[in-house]
Structure formats: structure tokens, C-alpha cells
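# Fold and geometry: a report
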Amino acid sequence: FWLDPTRYADVVDALADHFAEIDPDHAADYRANAKAFTAELTTLDTDLTEGLAECTSTDLVTGHSAFAYFADRYGFHQESVSGLSPGAEPSPAALADLITHIKDEGITTVYAETLVPTDVADTIARDAGAEVAVLDPIEGLTEESAGDSYVEVMRSNLATVREGQGCE
């Protein structure tokens, strides 16, 4: 859910309310911090909405279904290589179907992830005549992450998707 900043903002507000209840001495701090962060998330959502509004391709081919909420929020149809489990090996038939789909739809980018080896994405992209780009599902920041915070990484994801999907 956190790859949709609006859903993430709802959780931030709920957590602030919960912390305020169990620690009333610091309730104002929790709520103020939540308000500041949700304002950042609102700005991020606006930037994502505007930055992804005009894209050549709306098919988002990803390593696994981590980007479903992102895809739904910003008008993409997600095709994932391995469903919900990023380490699962897709069947040869599923790979062949996905490669055919990529070719038929003129998809130019297959997205791998920072936390998963790119071998399957590399194979699919090579066989389909596409490129591989890397998105960060923000499940854990690593040296491969393009930023030290949620907002920084999401802005990097925005730039990557804009390029890969041919957004103006």
C-alpha cells in the first residue's frame, strides 16, 4: 500500500492518532509530525499524478506485484513476472506469454527491483527487445536505493517510470 502516497498518508494519520492516545503527553508532536509528513506526501502525489499523466505506455511490467497500488493510483495496468512472491520462478509458459505481450504492445521497459536479482527481467527484456530499469519497492533501503527517505526514493521511481513509460 505504501507505494501509493495517499494510502500511506492515511496510515501516517492513523498512527499519529494511535500514538497520541497511548502517549497523550506528546500527542501534539505526533499530530504535528504527521501533518508535516502528510503534506510532503500530498505534494509527492501531485508530482506523481502530473508526471505520469501523459505516458506512451500504460502497461507496467514489473518483477512482482509490489507495484499494484502504484499502478492503480497512477493509471497503469501492471503485468508482473512472478505474482506476489518476488523470488518465485515463473513457468516457461508464463514467460513466453509475457514476452509475447511485451512485443505485441510495444512495451519498451521491464522493471526489476533493488532487492531482487535482475536475471529474469534481463532475460525477458532481451527476448522481447526491451530495456531493464530498476524500481525500488521501498521494502528496505539498501546501497542500491536512490535516496535515504521514502520521498527521495519515490521521486527516483517517478523519474524511472517517466523514462520507461515514455511520459511527457
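Look above for the structure.
As the structure is a prediction and not an experimental result, all values here were calculated from the model. (Residues numbered from 1 in each chain as written. Predicted model: local features only at pLDDT ≥ 70, side-chain atom pairs only at ≥ 80, totals over all residues. Heavy atoms only, no water.)

### Details of the environment of Arg73
Condition: Elements are defined by DSSP. Helices are runs of H or I of four residues or more, strands are runs of E of two residues or more, and each kind is numbered from the N terminus. Partly exposed residues are those whose accessible area sits between 20% and 50% of the maximum for their type, while under 20% is buried and over 50% is exposed, using a 1.4 Å probe and protein chains only. Any pair of residues with heavy atoms lying within 4.5 Å of one another is described as a contacting pair.
Position of Arg73 relative to the elements: it lies in helix 3 (residues 68-73). In this structure Arg73 comes out as partly exposed when scored by relative accessible area, which is 36%. Taking the C-alpha atoms as reference points, Arg73 and Thr6, 67 residues apart in sequence, are found 8.8 Å from one another. Apart from residues no more than four positions distant in its own chain, Arg73 is found in contact with Asp4, Thr6 and Asp45.

### What about the packing of aromatic side chains?
Each aromatic ring pair is characterised by the separation of its centres together with the angle its planes make. To keep it simple, the criterion reads: Here the aromatic set is Phe, Tyr and Trp, taking the six-membered ring for Trp, and pairing holds for ring centres within 6.5 Å; pairs whose planes are under 30 degrees apart are stacked, those over 60 apart are edge-to-face, and all others are tilted.
Per the counting criterion, the structure on display carries eight aromatic pairs. The interplanar angle of 90 degrees and the centroid separation of 6.4 Å between the aromatic rings of Phe67 and Phe70 together place this pair among those described as edge-to-face. When the ring of Phe70 is compared with that of Phe76, the centres are 6.5 Å apart and the planes differ by 5 degrees; the resulting orientation is stacked. Summarising the burial analysis for this pair, Phe70 and Phe76 share the class buried. What links up through ring pairs into an aromatic cluster is the set Phe67, Phe70, Tyr74 and Phe76.

### Considering a nonpolar patch on the surface
The criterion, for reference: Patch rule: a residue counts if its relative accessible area is over 30% and it has no salt bridge; like charges are joined within 9 Å, and nonpolar side chains (Val, Leu, Ile, Met, Phe, Trp, Tyr) within 5 Å. The method behind every accessible area is Shrake-Rupley, applied with a 1.4 Å probe, and residues are considered shielded solely by the protein chains displayed. Throughout this description, the term salt bridge denotes a Lys or Arg side-chain nitrogen within 4 Å of a carboxyl oxygen of Asp or Glu.
A surface patch of nonpolar side chains, amounting to about 280 Å² of accessible area, comprises Phe1, Trp2 and Tyr69. With respect to the helices, strands and loops of the structure, Trp2 is situated in the segment before helix 1 (5-22). Among the residues examined, Trp2 registers a relative accessible area of 31% and is labelled partly exposed.

### Some words on the nonpolar core
Nonpolar side chains tend toward joint burial in soluble globular proteins. Note the following rule: Buried residues of nine kinds, namely Ala, Val, Leu, Ile, Met, Phe, Trp, Tyr and Cys, make up a nonpolar core once their side-chain atoms join them within 4.5 Å.
Of all hydrophobic cores here, the largest spans 27 residues; its most connected members are Leu48, Leu52, Leu60, Phe70, Phe76, Met154 and Val161. Put simply, the parts of the chain that give this core at least two residues each are helix 1, helix 2 (27-51), helix 3, strand 4 (131-135) and helix 6 (150-164). Considering every element that reaches this core, the biggest residue donor is helix 6, with six residues. If we ignore the near neighbours within four places in the chain, the residues touching Leu52 are Phe70, Tyr74, Phe76, Leu158, Val161, Arg162 and Cys167. In terms of nonpolar packing, the next biggest core, distinct from the first, is built from 13 residues, Val61, Val81, Ile99 and Ile124 among them.

### Here we look at the environment of Gly63
In this fold, Gly63 is placed in the loop between strand 1 (59-62) and helix 3. Spatially, the C-alpha atom of Gly63 lies 4.9 Å from that of Val81, the residues being 18 residues apart in sequence. With residues near it in sequence (within four places) discarded, Gly63 still touches Ser80, Val81, Ser82, Tyr111 and Glu113.

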